[in-house]
Amino acid sequence: AAGPSDLPPEVWEKVKNHPCYSEQAHHHFARMHVAVAPACNIQCNYCNRKYDCANESRPGVVSEKLTPEQAARKVVAVASTIPQMTVLGIAGPGDALANPAKTFKTFELVTETAPDIKLCLSTNGLMLPDYVEQIAAMKVDHVTITINMVDPEVGAKIYPWIFYNHRRYTGVEASKILSERQLLGLEMLVARGILVKVNSVMIPGINDEHLIEVNKAVKSRGAFLHNIMPLISEAEHGTAFGLSGQRGPTAQELKALQDACEGEMNMMRHCRQCRADAVGLLGEDRSAEFTTEKVMAMD
Ligand code: SF4
Ligand code: SF4
């Protein structure tokens, strides 16, 4: 994991208290998610819309949906209870940029009421090029893009469709558009000095070997961190893949792939695949302390 000695000072400034970008920081700093983004503009085969987006979150429990006003209030309540809470992320339950009005309104309100909180968002990348200017203007320093392929033939097995420019695309055509938009968005963010983490879901037999290609493609475009996450299997949440018998990788398979990519770039290994409304240190979930009912009752 990155430390102060091997990073330029301006980069270290951005990672030192972000639990997801620095292995050291994840022991000391907490992040929270607010579930303000219900809609999604693509379909991932591993997604079951009843659950949270697998971009950044462990499926299995539906997050409580919040308005931007409720979300901002929750951020203030959490920040006053958990002083180590340094980062607010928007990561679903759908896609942050398929709900741009809600996502940016939330950031705006939080900037007004809690200006020290760092802003972070997670997206499938389809709409990213359209919002890079706004992301930079809102001083969002960290963006996660879920990139599961750079080859549309592989993508066609992962994404049945995307909804883009007022129409639905399917098959290889859909994945070609998605991949181009993801990589363009990545380049645009890097050009503005925004740190980008790439999440990839490792799906045995579908994209496991291909993720080495993905790793090279995102590294060459300046991604800061690559987080390869295991597909969570049917036993845990009944995905479309799960229903057709798709298994998740074993711990050994995951580690072998992470090792194969290490040396190429920083690999994140402390990810805990948190929920879209997670609160606390990574691996800790204090969301039950901050339900809307409780937050609205706080002063
Ligand atoms: Fe589901 Fe997230 Fe994929 Fe959208 S981007 S289909 S919410 S896993
Ligand atoms: Fe961490 Fe991702 Fe949440 Fe940002 S969106 S705080 S990187 S888990």
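Let me begin by describing the structure that accompanies this report. On a predicted model such as this, the values are computed, not experimentally measured, just so you know. (Residues numbered from 1 in each chain as written. Chains lettered and ligands numbered in written order. Predicted model: local features only at pLDDT ≥ 70, side-chain atom pairs only at ≥ 80, totals over all residues.)

For the rest of this paragraph, the subject is unusual backbone geometry. In this chain, G92 is followed by P93 through a cis amide linkage whose omega measures 10 degrees. Checked against the element boundaries, P93 lands in the loop between β3 (85-90) and α3 (100-113). Look at N165: it is not a glycine, yet its phi comes out positive at around 50 degrees. Examined against the element boundaries, N165 turns out to sit in the loop between β6 (161-164) and β7 (167-170). Positive phi values are uncommon outside glycine, yet H166 reaches one of about 65 degrees. Take H166: it is sitting in the loop between β6 and β7. Residue H166 is classed as exposed on the basis of its 5 C-beta neighbours within 10 Å. (Helix = DSSP H or I, 4+ residues; strand = E, 2+ residues; numbered from the N terminus. Buried ≥ 20, exposed ≤ 12 C-beta atoms within 10 Å, placed from the backbone.)

Looking now at the site of ligand 1. Close contacts around ligand 1 come from C40, I42, Q43, C44, C47, C53, A54, N55, G92, G94, D95 and N124, and that covers them all. Of the residues belonging to the shell around ligand 1, the class tally is six nonpolar, five polar and one charged. (Near = placed C-beta within 6 Å. Nonpolar A, V, L, I, M, F, W, Y, C, P; charged D, E, K, R; others polar.)

Take the site of ligand 2 next. Residues in contact with ligand 2 amount to 13 residues; listed here are only the nearest, C20, R31, G89, C120 and S122. Secondary structure elements with two or more residues in the shell around ligand 2: β1 (30-33), β3, β4 (118-123) and β5 (142-146). Residue composition of the shell around ligand 2, by class: five nonpolar, five polar and three charged.

Direction of pairing for β6 relative to β7: antiparallel, over a ladder of four bridges. Each residue of the ladder has a partner; that of F163, found in β7, is R168. Adjacent in sequence and paired antiparallel, β6 and β7 are bridged by two residues, among which N165 carries a positive phi angle near 50 degrees. (Pairing = 2+ DSSP bridges.)

Let us look at the sheet that holds β7. The strand order across the open sheet built from three strands is β2-β6-β7, with neighbouring strands paired in antiparallel fashion. Looking at the sheet topology across the chains shown, the edges are occupied by β2 (42-43) and β7. Strand contacts of helix α6 (residues 171-191): β2, β6 and β7, with the helix running at about 105 degrees to β7, the strand carrying the most contacts. (Contact = placed C-beta atoms within 7 Å. Axes fitted to C-alpha atoms, helices over the stretch in contact; angles between N-to-C directions.)

Okay, the packing of helix α4 (residues 128-137) against α6 next. Packing of α4 against α6 leaves a shortest axis separation of 8 Å and a crossing angle of 20 degrees. Taken together, the axes of α4 and α6 are roughly parallel relative to one another. Every pair of crossing elements has a handedness; the one defined by α4 and α6 is right-handed. Side by side, α4 and α6 meet where L128, P129 and V132 of the first sit next to R181, Q182, L184, G185, M188 and L189 of the second. Within the contact of α4 with α6, the residues separate by chemical class into six nonpolar, two polar and one charged. (Parallel < 35°, antiparallel > 145°, perpendicular 65-115°, else oblique. Left-handed = near helix turned anticlockwise from the far one by under 90°.)

A few words now on helix α7 (residues 211-220). If you check which residues of α7 are buried, you get L211, V214, N215 and V218. Down the axis of α7, the smallest arc covering the buried residues is 100 degrees, so these residues share one side. Buried residues belonging to α7 abut α6, β8 (195-202), β9 (225-230) and α10 (251-261). (Arc of directions from axis to C-beta.)

For the pair helix α2 (residues 68-81) and α3, the least separation of the axes is 9 Å and the interaxial angle reads 40 degrees. Crossing handedness for the pair α2 and α3: right-handed. Mapping the contact onto sequence places P68, E69, A71, A72, V75 and V76 in α2 and K102, K105, T106, L109, V110 and T113 in α3. Considered class by class, the residues forming the contact of α2 with α3 number seven nonpolar, two polar and three charged.

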